[in-house]
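Topology and contacts: notes
The lines below spell out each chain.
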Amino acid sequence: MDDDQLADLEAMKHRVSAIDQVELSPARPRGSTAASAARDFGSKRVSPTMLSVVARRIVAVGDPDKAQLTETEIRTRYITPALSAAGWPLTSLREEYYYFSAGRIQVVGKSGVRKKPKKVDYLLEWRPNLPIAVVEAKDNIHGPGDGMQQALEYAEQLDVPSVFTSNGDSFVWHDRTGVRDEVEIEIPLDAFPSPAELYGIYKQWKGIADADEPVVASEFHDDGSGRRPRYYQRIAVNRAIEAIAKGQRRLLLVMATGTGKTYTAAQIIWRFMESFKSVNPGKSQARVLFLADRNILIDQAMMNDFAMFKGRMAKLSASRGTITKAANHDDPEGVGSKAVDKSFELYLSLYQAVSGSEEVDNVYKKFSPDFFDLVIIDECHRGSAREESAWRAILEYFSSACQLGLTATPKETATVSNIDYFGDPLYTYSLKQGIDDGFLAPYKVIRTALDIDTFGWRPRDGQVDDSGALIPDRHYGDRDIDNAIIFPERDKRVAERITEYLKGTDRYAKTIVFCEDIPHANRMRRILANLNADEVRKDSRYVMQITGDDQQGKQELDNFIDPEMPYPVIATTSKLLSTGVDAQTCKLIVMNSNIESMTDFKQMIGRGTRVRTDYGKWFFVIMDFKNVTRLFADKEFDGEPVKVYELTPGDDMVDAVHGIDDIDETEDDDKDPETLDQWVERPGSRTPRRKRIVVSGQQVTIIGEQVQMIGADGKPLTSSLREFVRKNLLERYPTVDVFVSSWLAAGQRSVLLDELTEAGAPLEDLAELQGEDIDPFDAARHVCFGHSPRRRRDRADAVRASGYLNRYQGGVHSVLEALLEKYIESGVRSIEDIAVLRVEPFRSMGRPIELIQPFGTRETYLKAVHDLEQQLYQEAQ
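This structure is a prediction, so every number in the text was calculated from the model and none was measured.

The subject of this paragraph is the overall build of the protein. Looking only at helices and strands, one finds 33 helices and 27 strands in the protein. The buried share among the 877 residues of the protein stands at 56%. Of the roughly 36800 Å² of accessible surface on the protein, a fraction of 48% belongs to carbon and sulfur atoms.

In structure tokens:
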């Protein structure tokens, strides 16, 4: 008996021991058969046949009334032993609640709560990260085939061919492959298929031949941290490697922004390199080229996801020493030829750095056409699909290599096609799916309609612009504004709305303002700086223009995308930040430019899709001044606008948002690689500045506003914050007495408030929606039980009127009086935090240790605070 079988037997013995513990409960008599079966074997060496007999005996024994067993007991007594008896090592069973999604985020007020993540009871793996079957368990009250529909849905999502359900009596086996004669059959517990049988079905389903095994069998890189790829990353990597093994030369993966395309690419490269020598004995090592069109994409990759290749990779650039001037004898004509270092396995490069309009700039030709075995093109929707593009020339030069395109937004137009070149995507993980799984942030939309954009503008007879020139008499529509004609009052109105929103939510929420062009970005920077002068005086980087022509702004880009860095907060840009920048904590995206391209629109939206709940980012907001979000309704987009709230110009936008719960491509050939910086604007923005009409003093008015919640499923979200909290709170507290008792019994209200927020009842957000001076306790009683809400000041005044504070003298009385004022100002949470003693008015009263001293100890101080809180809610007792 080999070590694996002994390990399996030992594990089964432990499981039987667990059964013993269950049977010892008074509810059922102890059944000794299963336990003694394990004890009889002790540490004996037994044959595989005997091991199977033991497992089947364990399956067969137990409480004869299965209907009394829980689902967990059914798994432990029947299903797991049956799988073990079929030859499945326990290490291959990802058992009991294998969660494969994060749980969709439900937006609740200012934050969010996650719905339950998706899980399967068993995920059977042929080897790590190669699942080939799903098993769904039910208790014995259900039939053996119950739960099959859900299991099939999950199996399809997980890319698994064989699906099983069981209630402990038998298995129902559904074959998704068409390999077997019958789609769905019932089989006995002791007839579960072996790993080899199910893997054989998997191979037939995927069309994997025995000769492909060396490539397909390559392992994922393990960095020792325990990190495993998300299920969709695993599918993308496996499909790419399987396609390469079968000889496919052009591959395409479509993955939404923020879902880890670079990590996926790194794992593909790793597995390709690991398997290369076994299928190419004539070559010593694989050579890989990773192409991108943004320096930051390469630099971020080398520091993070590609760190596994340290010492084996290099960036192709003059600054890194991998591109140098050719020696004199290699450049007899003195035309400035270049040489490259060919000693690395993995090269990362800007395509602009290795190609150009002059032959001397085509550095990629310093490599032989067969030098690279794999070429990966990141963001391949930009330019590479165009037949005459520089990227296309590089791809055609290295045509013998396997070529993989990565994109979040495949481009299909009359002249540009990813699919024409790469073929149909091997796998697509959409924005909609990412939001539904909880890996991407949902978003709200504020649409603001300005009269001058909606109705257009026509000059009066003889009207002149700011320069004194006669304005041509014609109708100027929304496409002309900020292009042919500029209205400074419009810029100011937009900036005021942005500032109003930030002041009402979070002054330090990272914000990207997309403008029409570089001059427009500069104008918006100036106006926003003036409107936020208090913050700009603290740090001039509060508002920054980050465009291709602004060196200082570009230098601040790393700080903008760094979650730990507070500045810059607001970045005005043209299209510089539309792609590549990983702004994880960006909470506000402002659309203040005309966007017609679905590709550009998706890329811009993608700047906000990262989830960072550790920084309070559960969702992001899109503020649209150009009706760009009409593209949500386009059939090419993964969803459509839902839940529209109409606001009049005087309504509070912030309250409305919190109340809702749940460009054409341009040629690249003219770029000079020697002048490329970390970021460059697209060539269209570098045309000579044209004369524009500037008309100051034109009044601009907001004529309407809509606030929307965009759902991943495209269905309206009908619950307001009030309805959502009411539903969840009543499930927890069916009567007002139960709620009040729980509130009064809480050791710390802040802890209870956090628990309720996690449960989908953010009472502090609800209180803020009702009024700044409403206590969360009163907000809950008002919304759920119809009680009139009380202001915090009224509660504090009632404590004073009761004479409670008169029990204390001196320093204790002064501190408690100040705590009451702090409660009025900012609520109960603030007074529970001992750090409140470090801010005014306490700071002026003394150091925290001096303020606590009259109470005796820290514990007696905290008890006094708790007693004060009890007095605040005295009338509810």
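Here the narrative resumes, following the displayed structure.
With respect to the element layout, glutamate 869 can be found in helix H33 (residues 858–872). One polar contact links glutamate 869 to arginine 749, side chain to side chain, over a distance of 3.1 Å. Those residues in contact with glutamate 869 that lie beyond four places of it in its chain are Arg749, Val828, Ile831 and Glu832.

Here the focus is the packing of helix H23 (residues 721–732) against helix H26 (residues 763–770). Across the interface, H23 lies against H26 with an axial gap of 10 Å and an inter-helix angle of 140 degrees. As summarised for this structure, H23 and H26 are arranged oblique, according to the angle between their axes. At the point where H23 passes H26, the crossing takes the left-handed sense. Contact residues: H23 offers Leu721, Arg722, Val725 and Leu729, while H26 offers Leu763, Asp765, Leu766 and Leu769. When grouped by side-chain class, the residues that make up the contact of H23 with H26 number 6 nonpolar, no polar and 2 charged.

Looking now at empty space enclosed by the protein. Its volume calculated, the second largest cavity comes out at about 60 Å³. Around the second largest cavity sit Arg127, Pro128, Asn129, Leu130, Val216, Ser218, Phe220, Asn238, Glu242 and Arg271, which together line it. Of the residues contributing to the lining of the second largest cavity, the split by class is 4 nonpolar, 3 polar and 3 charged.

Membership of the largest hydrophobic core comes to 90 residues, with the highest contact counts inside it found for Phe171, Phe192, Phe306, Phe309 and Leu346. With 10 residues, helix H8 (residues 231–245) is the single largest residue contributor to this core. Apart from residues lying up to four places away in sequence, phenylalanine 309 is in contact with Ala266, Ile269, Trp270, Met273 and Leu346.

Our next topic: the packing of H23 against helix H27 (residues 776–785). Where H23 meets H27, the axes come as close as 9 Å, and the angle between the chain directions of the two elements is 90 degrees. Looking at the two axes, H23 sits roughly perpendicular to H27. Touching Arg722, Arg726, Leu729 and Leu730 of H23 are Ala780, Val783, Cys784 and Phe785, all from H27. Its residues assigned to classes, the contact of H23 with H27 shows 6 nonpolar, no polar and 2 charged.

In this section: the packing of aromatic side chains. Counted according to the given criterion, the structure contains 42 aromatic pairs. Relative to tyrosine 347, the ring of phenylalanine 344 has its centre 6.1 Å away and its plane inclined at 90 degrees; by these criteria the two rings are edge-to-face. One aromatic cluster is present, formed by Phe344, Tyr347, Tyr364, Phe367, Phe371, Phe372, Tyr397 and Phe398 through successive ring pairs. If you follow lysine 444 out to its NZ or CZ, it ends over the ring of phenylalanine 619, 4.6 Å from the centre.

Going through the model one piece at a time under the given rule, you end up with 46 salt bridges. We note a salt bridge from aspartate 614 to arginine 612, for which the minimum N-O separation is 2.8 Å. When the shortest N-O distance is used, the salt bridge between glutamate 731 and lysine 727 registers 3.2 Å. Here glutamate 731 pairs with lysine 727, and both are found in helix H23, just 4 residues apart, close to one helical turn. Accessibility assignment for this pair places glutamate 731 and lysine 727 in one class, exposed. Members of the salt-bridge network, linked through shared partners, are Asp453, Asp482, Arg490, Asp491, Arg523 and Lys626.

Another point: the pairing of strand S10 (residues 288–292). Most of S10 is tucked away: 5 of the 5 residues are buried. The alternating pattern of S10 places Val288, Phe290 and Ala292 and Leu289 and Leu291 on opposite faces, both of which are buried. Taken together, the 4 bridges between S10 and strand S15 (residues 374–377) define a ladder with parallel strand orientation. Within S15, the position partnered with leucine 291 by the bridge is isoleucine 377.

Here tyrosine 567 and proline 568 are connected by a cis peptide whose omega angle stands at -5 degrees. Along the chain, proline 568 turns up in the loop between helix H20 (557–561) and strand S22 (570–573). The omega angle of the peptide bond from glutamate 840 to proline 841 is 5 degrees, so this bond is cis rather than trans. Mapped onto the fold, proline 841 is located in the loop between helix H30 (828–832) and helix H31 (842–845). The phi dihedral of aspartate 482 is positive, around 70 degrees, even though this residue is not glycine. Overall, aspartate 482 belongs to the buried group, its relative accessible area being 0%. Although it is not a glycine, asparagine 627 adopts a positive phi angle of roughly 55 degrees. Along the chain, the position of asparagine 627 falls in the loop between strand S24 (620–624) and strand S25 (644–647).

With that settled, the discussion passes to the pairing of strand S23 (residues 586–591). Burial of S23 is extensive: 6 of the 6 residues sit out of reach of the surface. Pairing geometry for strand S20 (residues 510–514) and S23, over 5 bridges, is parallel. Within the sheet, the bridge partner assigned to valine 513 lies in S23 and is valine 590. In this structure, S23 lies alongside S24, joined through 4 bridges in parallel fashion. Among the inter-strand pairings, leucine 588 is bridged to a residue of S24, identified as valine 621. Taken together, S23, helix H21 (residues 598–605) and S24 constitute a β-α-β crossover, and its handedness is right-handed.

Read across the open sheet, the 7 strands follow the order S11-S14-S10-S15-S16-S9-S17; overall the sheet is parallel. The sheet is open, and its two borders are formed by strand S11 (313–315) and strand S17 (427–429), each paired with just one other strand. Going from strand to strand, the sheet's axes swing by 15 degrees on average, the running direction of each strand aside. Summarising the sheet, S15 and strand S16 (residues 402–407) pair through 4 bridges and their orientation is parallel.

Our next topic: the environment of leucine 346. Tracing the sequence through the fold places leucine 346 in strand S14 (residues 346–350). Judged by its relative accessible area of 0%, leucine 346 falls in the buried class. Residues leucine 346 and phenylalanine 372, 26 residues apart in the sequence, show an inter-C-alpha distance of 9.2 Å. Here leucine 346 is in contact with Ile269, Met273, Val288, Phe290, Phe306, Phe309, Arg312, Met313 and Ala314, once residues within four sequence places are set aside.

Considering the arrangement of structural elements, one finds aspartate 506 in the loop between helix H16 (488–504) and S20. In this structure aspartate 506 comes out as partly exposed when scored by relative accessible area, which is 28%. Here the alpha-carbon distance between aspartate 506 and lysine 587, two residues 81 residues apart in the chain, equals 9.4 Å. Polar side-chain contacts of aspartate 506 include one of 2.9 Å to the backbone nitrogen of tyrosine 508.

For the rest of this paragraph, the subject is H33. For H33, spanning 15 residues, the distance from its first C-alpha to its last is 21 Å, which sits close to the expected 21 Å at 1.5 Å a residue. Among the residues making up H33, those that are buried are Tyr861, Ala864, Val865, Leu868, Glu869, Gln870 and Leu872. Those residues of H33 hidden inside the fold are in contact with helix H24 (736–745), helix H25 (749–758), helix H28 (792–801), helix H29 (810–826), H30 and helix H32 (848–852).

Position of arginine 249 relative to the elements: it lies in the loop between H8 and strand S9 (250–255). On the basis of relative accessibility, which here comes to 38%, the residue arginine 249 falls in the partly exposed class. The sequence separation of arginine 249 and glycine 423 amounts to 174 residues, and the corresponding C-alpha distance is 10.0 Å. Residues within four places of arginine 249 in sequence aside, it is in contact with Ser400, Ala401, Cys402 and Gln403. Here the side chain of arginine 249 touches serine 400 through a polar contact of 2.8 Å, landing on its backbone oxygen.

About the cut-offs
- Residues numbered from 1 in each chain as written.
- Predicted model: local features only at pLDDT ≥ 70, side-chain atom pairs only at ≥ 80, totals over all residues.
- Heavy atoms only, no water.
- Helix = DSSP H or I, 4+ residues; strand = E, 2+ residues; numbered from the N terminus.
- Buried < 20%, exposed > 50% of the residue type's maximum accessible area, 1.4 Å probe, protein only.
- Areas by Shrake-Rupley, 256 points an atom, 1.4 Å probe, with all protein chains shown as cover.
- Polar contact = N/O pair within 3.5 Å; in protein donor to acceptor, adjacent residues only side chain to side chain.
- Contact = heavy atoms within 4.5 Å.
- Axes fitted to C-alpha atoms, helices over the stretch in contact; angles between N-to-C directions.
- Parallel < 35°, antiparallel > 145°, perpendicular 65-115°, else oblique.
- Left-handed = near helix turned anticlockwise from the far one by under 90°.
- Nonpolar A, V, L, I, M, F, W, Y, C, P; charged D, E, K, R; others polar.
- 1 Å grid on protein atoms, 1.4 Å probe; cavity = no way out; pocket = protein on both sides within 12 Å on 5 of 7 lines; lining within 4 Å.
- Points joined across faces, edges and corners; volume = space filled by probe spheres on them.
- Core = buried A, V, L, I, M, F, W, Y, C linked by side-chain atoms within 4.5 Å.
- Phe/Tyr/Trp six-rings, centres within 6.5 Å; stacked < 30°, edge-to-face > 60°.
- Lys NZ or Arg CZ within 6 Å of the ring centre and 35° of its normal.
- Salt bridge = Lys/Arg side-chain N within 4 Å of Asp/Glu carboxyl O.
- Pairing = 2+ DSSP bridges.
- Right-handed = clockwise from strand over helix to strand, strands pointing away.
- Expected span 1.5 Å × (residues − 1).

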